[in-house]
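Residues per chain are reported as follows:
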Amino acid sequence: MSRSPSCAPRRRLANVGKHASATQVGLTLSYMEDEVAVDVRDDGMGFYPAGLALSADGGGFGLTAMRQRVERLSGTLEIESETGAGTAISACVPAPLVEELRQGQT
Amino acid sequence: MTSITEGNGPDGRRGESGGTGTGAPIRLLIADDHPVARDGLSGMLTADPGFEVLGEAADGAEAVRLAQALQPDVILMDLRMPEMDGVTAIAELARRGVSSRVLVLTTYDTDSHVLSAIEAGATGYLLKDAPQAELLRAVRAAARGEAVLSPSVATRLIGRVRSPDAGPLSQRELEVLELVAGGSTNREAAARLFVSEATVKTHLLHIYAKLGVSDRAAAVAEAFNRGLLTPSTKRP
């Protein structure tokens with residue numbers, strides 16, 4: 001469990017390299033008062049996310065595993081994409097959990 | 001199935017009788033993106049003759065559609081959902097004049113979520129760790145139009161009334177607000193900051209909570225009032 005926050009973006013970055021034909025990819029960690037968001041956004045070819053969102057388990061292509069990981073932490077995973085306009089994936093988890101994880105690691 | 005045609009709320013029709021076992025059951029809609037949560041709630045509520053579950057929605061947009069079609073007495077609404085989140089759905093219900101009471105049922109008890117849900121028009125705010133009896137009581141109270149708050153949520157609200165300024169905006173929040181003040185949509189602000197729209201929305205919720213407002217126009221106005229933004233503000 002303690003590997004989860006870093007694992008989702010790592011997997012996502014690997015996917016960007018493999019599939020997206022992106023020229024730019026940004027990894028943004030947003031610390032807020034009560035939650036932490038990790039965003040991975042690229043300017044690649046994107047895809048049509050509705051096709052994925054339609055499946056009740058949250059899609060395929062490793063997104064299911066990513067979503068489960070985040071939801072196990074009471075967080076949410078959002079996937080935003082549009083053909084030709086890149087892809088953004090955002091994982092957001094409550095901050096108390098981040099505290100716990102940090103303490104668990106030390 | 002009854003439908004409300006003249007906008008009278010649940011209290012006008014069946015308020016006092018619902019859920020007591022003597023009158024018509026309280027008619028419910030459950031909105032939660034987790035199937036297990038929906039099934040659990042639905043099973044718990046249908047086991048009680050005082051409640052009738054009319055439908056289930058997996059996201060905010062579906063909740064709004066079903067609420068309009070089914071006109072439930074009470075909507076149990078999760079906040080974090082794909083497509084359209086709970087707060088947006090609550091505001092949309094109010095905008096469309098749907099008179100169903102909304103009882104927020106979520107894992108989040110943070111300031112930004114509580115305040116924006118209540119400002120959007122939620123009747124109550126309950127946490128998912130609430131005991132079953134408390135949940136059933138809360139649904140009955142919400143059907144009567146009474147405000148229901150989990151103790152930790154009530155504490156947060158009281159705290160906010162006593163100290164309305166919830167701290168300064170972070171650098172990032174100011175950046176988001178500057179873009180919004182400049183007319184950017186969430187999508188445009190997200191593209192500019194190279195983050196997801198979801199994160200821009202989250203920043204905005206925090207900004208609303210800190211400024212004590214409930215929409216982007218009011219946030220911009222309040223930020224100018226407080227001198228957080230000035231007409232000459234330019235992004236570097």
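Below: a short report on this structure. Since we're looking at a predicted model, the values are computed, not measured. (Residues numbered from 1 in each chain as written. Chains lettered and ligands numbered in written order. Predicted model: local features only at pLDDT ≥ 70, side-chain atom pairs only at ≥ 80, totals over all residues. Heavy atoms only, no water.)

### Regarding the environment of Ser 214 of chain B
Residues and elements named next belong to chain B. The test is simple: Note on conventions: DSSP H or I runs of at least 4 residues are helices, E runs of at least 2 residues are strands, and numbering of each starts at the N terminus. For the exposure calls, accessible area comes from a 1.4 Å probe over protein chains only, and a residue counts as buried if that area is under 20% of its type's maximum, exposed if over 50%, partly exposed in between. In what follows, residue pairs with any heavy atoms lying within 4.5 Å of each other are defined as contacts.
With respect to the secondary-structure elements, Ser 214 resides in the loop between helix H10 (197-211) and helix H11 (216-225). Classification of Ser 214 by relative accessible area gives partly exposed; the value is 45%. Expressed as a C-alpha distance, the spacing of Ser 214 and Glu 119, which sit 95 residues apart in the sequence, is 6.4 Å. Residues in contact with Ser 214, not counting those within four places in the same chain, are Glu 119 and Tyr 208.

### A short note on the sheet that holds strand E6 (residues 148-149) of chain B
Strand pairing in a sheet relies on backbone hydrogen bonds. The paired strands run either parallel or antiparallel. Residues and elements named next belong to chain B. Our working definition: DSSP calls a pair of strands paired once it identifies at least 2 bridges connecting them. Interaxial angles span 0 to 180 degrees and are taken between N-to-C directions of axes, which are lines fitted to C-alpha atoms, for helices over the stretch in contact.
With respect to topology, six strands assemble into an open sheet ordered E2-E1-E3-E4-E5-E6, the strand pairing being parallel. Either end of the sheet is taken by a strand with one partner, and the two such strands are strand E2 (51-57) and E6. Where strand E3 (residues 74-77) lies against strand E4 (residues 101-106), four bridges are found, and the strand directions are parallel. For Ile 75, the partnering residue across the bridge sits in E4 and is Val 102. Helix H4 (residues 86-95) rests against E3 and E4 of the sheet, and its axis sits at about 160° to E3. Sitting on the sheet, helix H6 (residues 132-143) touches strand E1 (26-31), E2, E3, E4, strand E5 (124-127) and E6, and the angle it makes with E4 is about 155°.

### Comments concerning the pattern of salt bridges
Residues and elements named next belong to chain B. Applied cut-off: Think of a salt bridge as a Lys or Arg side-chain nitrogen and an Asp or Glu carboxyl oxygen that are within 4 Å of each other.
In the structure shown here, the tally under the stated rule is 14 salt bridges over all chains. A salt bridge links Arg 27 to Asp 73, with the shortest nitrogen-to-oxygen separation between them at 3.9 Å. With Arg 27 in strand E1 and Asp 73 in the loop between helix H3 (60-70) and E3, the pair connects residues that are 46 residues apart, well separated along the chain. For the pair shown, Arg 27 and Asp 73 are each scored as buried. Close ionic contact of Glu 222 with Arg 226 constitutes a salt bridge, the shortest N to O distance being 2.7 Å. Residue classification places Glu 222 among the partly exposed residues on the basis of a relative accessible area of 22%. For Arg 226, a relative accessible area of 35% gives the class partly exposed.

### Some details on the sheet that holds strand E3 (residues 76-81) of chain A
Strands sit in the order E1-E2-E4-E3 (chain A) across an open sheet of four strands; the sheet is antiparallel. Single-partner strands in this sheet number two, and they are strand E1 (25-31) and E3 of chain A. Strand after strand, the sheet turns through a mean of 10° between neighbouring axes, direction not considered. Pairing of strand E2 (residues 35-42) of chain A with strand E4 (residues 87-94) of chain A, which is carried by eight bridges, proceeds in the antiparallel orientation. When the bridges of E4 of chain A are listed, Val 40 of chain A appears paired with Ile 89 of chain A. Here H10 of chain B sits on the sheet and contacts E1, E2, E3 and E4 of chain A; the angle it forms with E2 of chain A, its principal contact strand, is near 150°.

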